[in-house]
Amino acid sequence: MILQAYCVSPPDVKAVFYAHIDFCYTILYATPMVKQDFIKNDLFLLVKKIQEHMERFVEHAEPNLLLAGIMGTFGFPLYYVILHDFYPQPYENLPLRLLNALICFSWGSYRFMPDWLKRYFPFYFILSTLYVIPYYFSFMLLKNEFSTVWTMSTLGGLLLLTLLVYDWKYICGMIVTGYGLAWLTVFFVDGKVSYTYFQEVYIYIYMFSVAGSIIATHKRQTINLIRMLFMRSLSGTIAHEMRNPLNAIVNAIEAVQAILPERPRQTNTEQNFLISRSNLVAVNDVIDEASDIVKRGNKIIDSILTAMQGGEIDTKTFRRRSASGTIRSAIDTFAYSAPEEKKLIQLATETDFEYFGDKDLLIYVLFNLIKNALYYKNKPSFSIAISTEKHPSGNIIRVRDTGPGVPVGKRELIFESFYTHGKSGGNGLGLSFCRRVVNAFGGHIVCHSKEQEWTEFEIMLPAYDSEKVLHLKKEILKKKHILLVDDDAAQRQHAAALFIEWHCKPDEAASGEAALKMATYKPYDLILLDSVMPGVTGEDAAGMLRSGNNLPPNLCQHYRDIPVLALYEPLIAGKANMPNHPAINRYYAKPLSRQSLDELLEHFFFSEIPVRNQTLPVDLAGIRILVADDNATNRKFLRVVLEHSGCQVVEAEHGLEAIDKLEQHDLDIVLIDIEMPVMGGIDAVRLIRSGSVFHRFKRFREIPIIALTGHTDRESVEGIMRSGVNAHLSKPVAKKELIGTISLWLHRNYIPSGEKLAEAAGAIPEENLEEVLLDAQTVAMLRETAGDRMLGELLDLFVRYSATLLEKIVDAGSMNDSRELEYLSNSLKGSSGMIGALHLSRIAGTFSDHIKAGRLSDMDNLVGEMQVVFRNTTEKIEKLKEELYLESGTLKASA
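Here the structure is a predicted model, which means the values were calculated and not measured.

Side note on the overall build of the protein
- If you tally the helices and strands in the protein, you get 29 helices and 19 strands.
- Considering only intrachain contacts with a sequence separation of at least 6, the fraction spanning at least 24 residues in the protein is 69%.
- Working note: accessible area of the protein is about 47,300 Å², and carbon and sulfur atoms make up 58% of it.

A closer look at helix α19 (residues 594-606)
- End to end, α19 covers 17 Å across 13 residues, agreeing with the expected 18 Å (1.5 Å per residue, within 8%).
- Among the residues of α19, Leu 597, Leu 600, Leu 601, Glu 602, Phe 604, Phe 605 and Phe 606 are the ones counted as buried.

Concerning the packing of helix α16 (residues 512-519) against helix α17 (residues 538-547)
- The N-to-C vectors of α16 and α17 enclose an angle of 25°; their axes lie 9 Å apart at closest approach. One way to sum up the angle between α16 and α17 is to call them roughly parallel. Between α16 and α17 the crossing geometry is right-handed. Residues Gly 512, Leu 516 and Ala 519 of α16 form the contact with α17, whose own contacting residues are Ala 541, Met 544 and Leu 545.
- Within the contact of α16 with α17, the residues separate by chemical class into 5 nonpolar, 1 polar and no charged.

Digging into the side chain of Thr 315
- Mapped onto the fold, Thr 315 is located in the loop between α9 (277-308) and β1 (319-322).
- The buried category is assigned to Thr 315, whose relative accessible area is 18%.
- When sequence neighbours within four positions are dropped, the list of residues in contact with Thr 315 reads Ile 476 and Lys 479.

Concerning the side chain of Arg 97
- Note on placement: Arg 97 falls in helix α3 (residues 94-108).
- Using a relative accessible area of 2% as the deciding quantity, one classes Arg 97 as buried.
- Of note is the side chain of Arg 97, whose polar atom sits 3.0 Å from the backbone oxygen of Phe 76.
- Beyond its immediate sequence surroundings of up to four residues, Arg 97 is in contact with Phe 76, Tyr 79, Tyr 80, Leu 83, Glu 92, Tyr 136 and Trp 150.

Examining helix α20 (residues 632-644)
- Here α20 is 13 residues long and its end C-alpha atoms lie 18 Å apart, about the 18 Å a rise of 1.5 Å per residue gives.
- Among the residues of α20, those classed as buried are Arg 635, Leu 638, Val 641 and Leu 642. Looking down the long axis of α20, one finds its buried residues gathered within 135° of arc, a one-sided arrangement. Opposite the packed face of α20, turned more than 90 degrees from it, sit the exposed residues Thr 633, Lys 636, Val 640 and His 644.
- Positioned one or two residues after α20, Gly 646 has a phi angle of 95°, which is positive.

Section: unusual backbone geometry
- Note the cis peptide between Lys 590 and Pro 591, where omega equals -15°.
- Looking at the element boundaries, Pro 591 is found in the loop between β14 (586-589) and α19.
- Of note in this structure, Val 678 is not a glycine but carries a positive phi near 65°.
- Relative to the elements of secondary structure, Val 678 occurs in the loop between β17 (669-673) and α22 (681-690).

Brief notes about the sheet that holds strand β4 (residues 384-391)
- Here 5 strands make up an open sheet; going across it, the order is β2-β4-β5-β7-β6 and the pairing mixed. Single-partner strands in this sheet number two, and they are β2 (345-348) and β6 (444-450). Between one strand axis and the next, the sheet turns through 15° on average, direction left out of account.
- Sheet topology note: the strand β5 (residues 394-401)/strand β7 (residues 454-461) ladder contains 7 bridges and is antiparallel. The partner of Val 399 across the bridge, within β7, is Phe 457.
- Of the strands in this sheet, β2, β4 and β5 are in contact with helix α10 (residues 323-333), which crosses β2 at around 165°.

Here's the deal with the pattern of salt bridges
- Counted according to the given criterion, the structure contains 26 salt bridges.
- Arg 320 is paired through a salt bridge with Glu 602; the nearest N and O atoms lie 3.7 Å apart. On the criterion of sequence distance, the pair formed by Arg 320 in strand β1 and Glu 602 in helix α19 is long-range, its members being 282 residues apart.
- Under the relative-accessibility criterion, Arg 320 is labelled partly exposed at 32%.
- Across the salt bridge formed by Asp 507 and Lys 522, the nearest N and O atoms sit 2.8 Å from each other. With Asp 507 in strand β9 (residues 507-509) and Lys 522 in the loop between α16 and β10 (526-530), this residue pair connects regions lying 15 residues apart in the sequence.
- Relative accessible area serves as the criterion here: at 27%, Lys 522 is assigned to the partly exposed category.
- It is possible to trace a salt-bridge network through shared partners that takes in Glu 389, Arg 398, Arg 400, Glu 456 and Glu 458.

Reading guide: rules and limits
- Residues numbered from 1 in each chain as written.
- Predicted model: local features only at pLDDT ≥ 70, side-chain atom pairs only at ≥ 80, totals over all residues.
- Heavy atoms only, no water.
- Helix = DSSP H or I, 4+ residues; strand = E, 2+ residues; numbered from the N terminus.
- Contact = heavy atoms within 4.5 Å.
- Areas by Shrake-Rupley, 256 points an atom, 1.4 Å probe, with all protein chains shown as cover.
- Expected span 1.5 Å × (residues − 1).
- Buried < 20%, exposed > 50% of the residue type's maximum accessible area, 1.4 Å probe, protein only.
- Axes fitted to C-alpha atoms, helices over the stretch in contact; angles between N-to-C directions.
- Parallel < 35°, antiparallel > 145°, perpendicular 65-115°, else oblique.
- Left-handed = near helix turned anticlockwise from the far one by under 90°.
- Nonpolar A, V, L, I, M, F, W, Y, C, P; charged D, E, K, R; others polar.
- Polar contact = N/O pair within 3.5 Å; in protein donor to acceptor, adjacent residues only side chain to side chain.
- Arc of directions from axis to C-beta.
- Pairing = 2+ DSSP bridges.
- Salt bridge = Lys/Arg side-chain N within 4 Å of Asp/Glu carboxyl O.

All we've got here are geometric facts, nothing functional implied.
This is the structure we're talking about:
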C-alpha cells in the first residue's frame with residue numbers, strides 16, 4: 001500500500017500518512033483475525049476427525065455390544081457371589097460391580113436408544129470402556145495383590161477389550177492409562193501398592209495373550225476393510241453398467257416423444273391422432289433397441305457378479321459374431337456424456353473378421369476402453385482410433401488414444417483387480433474383468449504405450465476356424481445334454497459316436513415313450529428323434545414335449561424353446577419322402593452324417609441366428625390375471641401389456657393382498673413378484689398351494705403361478721421353483737416372453753369361465769359347436785407350415801391316435817387306475833391342442849384335473865362327453881378334408 005501511494009502520484013505527505021495508517025491497521029488487526037480463522041478451521045477439523053474416530057470405535061464394537069452387555073450385566077454381580085462366598089478374595093467391592101453392571105446394561109441397550117441419545121454414545125462408550133475393563137480389572141488386581149484368581153480375571157478382561165476395540169494403539173493406550181489410574185487410586189487409598197503374589201511370568205503371559213489377540217483382531221479388521229473396498233468397487237462397477245441402460249431408456253423416451261404428436265390439451269378430449277407407418281416402425285425400433293441395451297446391462301452385471309464370486313465367464317451364450325458389427329454397436333450405444341465425445345472416435349474396421357464369443361461381453365470390453373480413454377478428452381488434439389486387422393494366425397482389434405500414456409512398469413499392473421492408474425474415481429475392476437472376458441474367448445489383451453503421446457490396447461482373438469475355437473466349442477458341448485431317440489440300436493450308436501467326437505456324450509432312448517419319461521428328469525438342450533418309430537413316433541413325442549403335458553412345471557417352457565430335430569428316410573418305396581411337422585425344427589436324412597452333425601451343431605448352438613420354434617396361438621381375450629407386485633410402475637407396465645392382449649387384470653401390492661384377491665375373484669393365472677413387503681412371493685405361493693387360507697377358492701393346486709424376480713442365479717431360481725410356482729421369469733420381462741409363458745400355462749390348464757365343462761356333460765350348445773371343435777387359426781398355421789397333403793395325414797393320425805387313447809381311458813377307468821387315467825388324459829389334451837381341437841383338449845384337461853384332485857364321481861360323465869366331442873370333432877375334420885380336396889385336389893375324404 002505504501003508503494004502504491006508513491007507510484008500513483010508524486011510523493012504527498014497526506015497520502016503517505018494515510019498509507020502508513022492503513023498498513024499498521026493491517027498488521028495489528030487483520031493478521032490476528034486471519035490467524036484466528038485458521039485456528040478455528042484447524043480446531044474444527046480436529047474435532048471432526050476425533051468424532052469420526054469415536055464413531056468408528058462404536059461401529060466396530062456394535063456387533064459385540066449386545067453380548068458384552070448381557071455378560072457384564074449378569075456377570076459382575078454373579079462373580080461377586082462366587083468370589084465372596086465360594087472362593088473368597090482379600091478384597092471385593094459390590095458397589096463397584098453394580099456400577100459396572102449398570103454400564104454394561106447401557107451398552108446392551110445401544111441399538112434400542114433414540115437417535116438423539118446415540119449421538120453422545122461414542123464419547124460415553126470410550127470413557128466407560130476405559131473404566132469398566134482396564135481400570136476396574138487393574139484396580140481389583142492391585143487390591144488383591146496379584147492373586148491367581150484376579151490375574152486370570154484381568155487376562156480375560158483384556159481379551160474382552162481386544163474384541164471391543166479395533167485399533168492396537170487404542171488398546172495399548174487404554175491398558176497403560178487404565179493401569180496407571182488404578183495404581184494411583186490404590187496408592188492414594190492405601191498409601192502403598194503391594195505385589196505379594198506377583199510372578200514375573202505374568203508379564204509374558206499378558207504380553208503374548210494381548211499381542212496375539214490384537215493380531216487376530218487386526219486380521220479380522222483388515223478382512224472387513226478389504227470386503228468394504230471390494231463392495232465399494234463392485235457397487236461402482238455395477239453403477240456404471242446401469243448407466244448405459246438408463247441412458248438408453250432416457251434416449252428412447254426422447255426419441256419416441258420426438259416421433260409422436262405433441263401431448264393433446266385436456267380440452268380436446270374428442271380429438272383423434274394419426275401416426276404414419278414409418279413412424280410406428282421407428283417407435284418400435286427405438287423400443288426394441290432400448291430393450292436390447294437393458295438386457296445387455298443385466299447380462300454384464302450378472303457376469304461381473306459371477307466373476308467377483310470366483311466363477312468362470314459363462315460360455316453358453318458364445319456364438320459366431322462379426323467384429324465390425326460388434327464395434328459399431330458399441331460405439332452407437334455407448335453412454336456419452338456429450339454428443340461431441342462420439343466425434344472423437346475414428347473407425348477403421350473395413351477389414352472385418354468373425355470371432356467366437358459373446359457380443360455383449362465384447363461390447364463391455366470396448367465400453368471400458370472407450371470410457372478410460374475419454375477421461376483424457378480435454379487434452380489438446382485428443383482422439384480415439386479403433387481398427388481391425390485380420391491375420392492367418394489370429395485377428396486383432398486395436399483401441400488407441402492420444403492420452404498421457406502408461407509407464408512401462410504399470411502396463412501389466414493395470415489388469416490386476418483393484419489397481420488404478422492415472423485417474424481418480426476408478427475402482428480397478430474394469431480392465432481386470434476385460435482380461436477375463438478376452439481370455440474366455442481364447443484370446444488375450446495387452447497394453448502398449450508411449451508416455452505423453454499415446455496408449456493402445458490390443459485385443460487378439462483366434463480365427464473362427466482355428467483349433468482354439470474348436471476346443472472352446474467342444475468344452476461348451478461337453479456341458480450340453482443331448483438325447484438320441486431311435487428304435488434302431490445301430491442308428492443310435494452311429495449317431496452317438498459322431499457326438500462323442502465333439503466331446504459330447506448323449507443319452508439314448510429306444511422309443512418315444514422312453515424319451516418322454518427321460519425328458520421329465522433332465523432339461524435336455526437338444527433332442528434328435530427318429531420320425532418313424534413303433535408306438536409314439538418321434539413327431540408325436542415332439543408334439544407332446546412342445547405342449548408341456550406330463551412335464552414338471554420348470555421344464556415346460558424349456559421344451560418349447562430347445563431345438564427338437566428328427567431323422568427321416570429320404571426314400572420310401574423309391575419315392576422322395578420329406579416330412580414336415582410344426583414341433584420339429586429341422587429334419588436330417590438317415591443315417592446321420594458327420595457333415596450333417598457339424599451343420600446342426602453350428603446352426604443350433606453356435607450361430608448368431610436364434611432358434612425359432614412354432615408356437616400354438618392362444619386367445620387371451622377374457623383371461624383374468626392377478627398381478628402381485630409392490631412396484632406400481634411394474635404393475636402398470638404389466639397391466640398395459642396384458643390389457644392390450646385382451647386380459648382382465650386384478651392388482652395386489654403384496655402377498656397377503658394377493659391371497660385376498662384369489663379368495664374374492666375368479667382368476668385364471670397369477671403373476672407374482674418374489675420380493676414384496678408385508679408378505680413376500682415365496683411365502684404367499686406356499687400358502688396358496690396349501691389351500692389352508694381359502695374358503696371359497698378351490699383351484700389353489702391347479703392355478704398357474706408365474707414368479708417375477710430380478711434374481712437369475714441358479715440357486716435362487718431353484719429355491720423359487722421349489723416354493724410351488726409353475727414358471728419363472730427374470731426382470732425386466734419382455735412382452736413376447738411374458739405372453740408366451742402365459743399362453744403355455746393357459747393352454748395346459750385353462751378352462752373358459754363360460755363353459756363349465758368340469759360340472760356338466762352332454763351336448764355342446766349348437767351356436768358354439770363350430771367355433772371350438774377345430775380352431776381355424778391353428779389349422780391355417782398347420783396348413784401353411786406343412787402343406788395340404790401333410791395336414792391331411794396329420795389329421796388322420798390324430799383321429800386314429802385319439803380313438804386309441806379314448807379306448808385306453810375307458811379300460812383304465814374300469815380298473816380305477818388313476819395314474820394311467822391322468823397320463824392318458826394329458827396325452828389327449830396335448831395332441832388335441834396341437835391339432836387345434838380345443839374343445840376336446842379342454843375337456844381332457846378338466847378330466848385330468850378331476851383325476852389329480854381325486855374327484856372320480858363325474859368320471860363317467862366326462863368320458864361320455866369326451867366321446868361325443870371326439871365324434872363331432874371327427875366329423876368336422878372330415879368336412880375340412882373335403883374342403884381341402886375341393887380346393888387343391890390333393891386330398892380324398894376317408895371313408
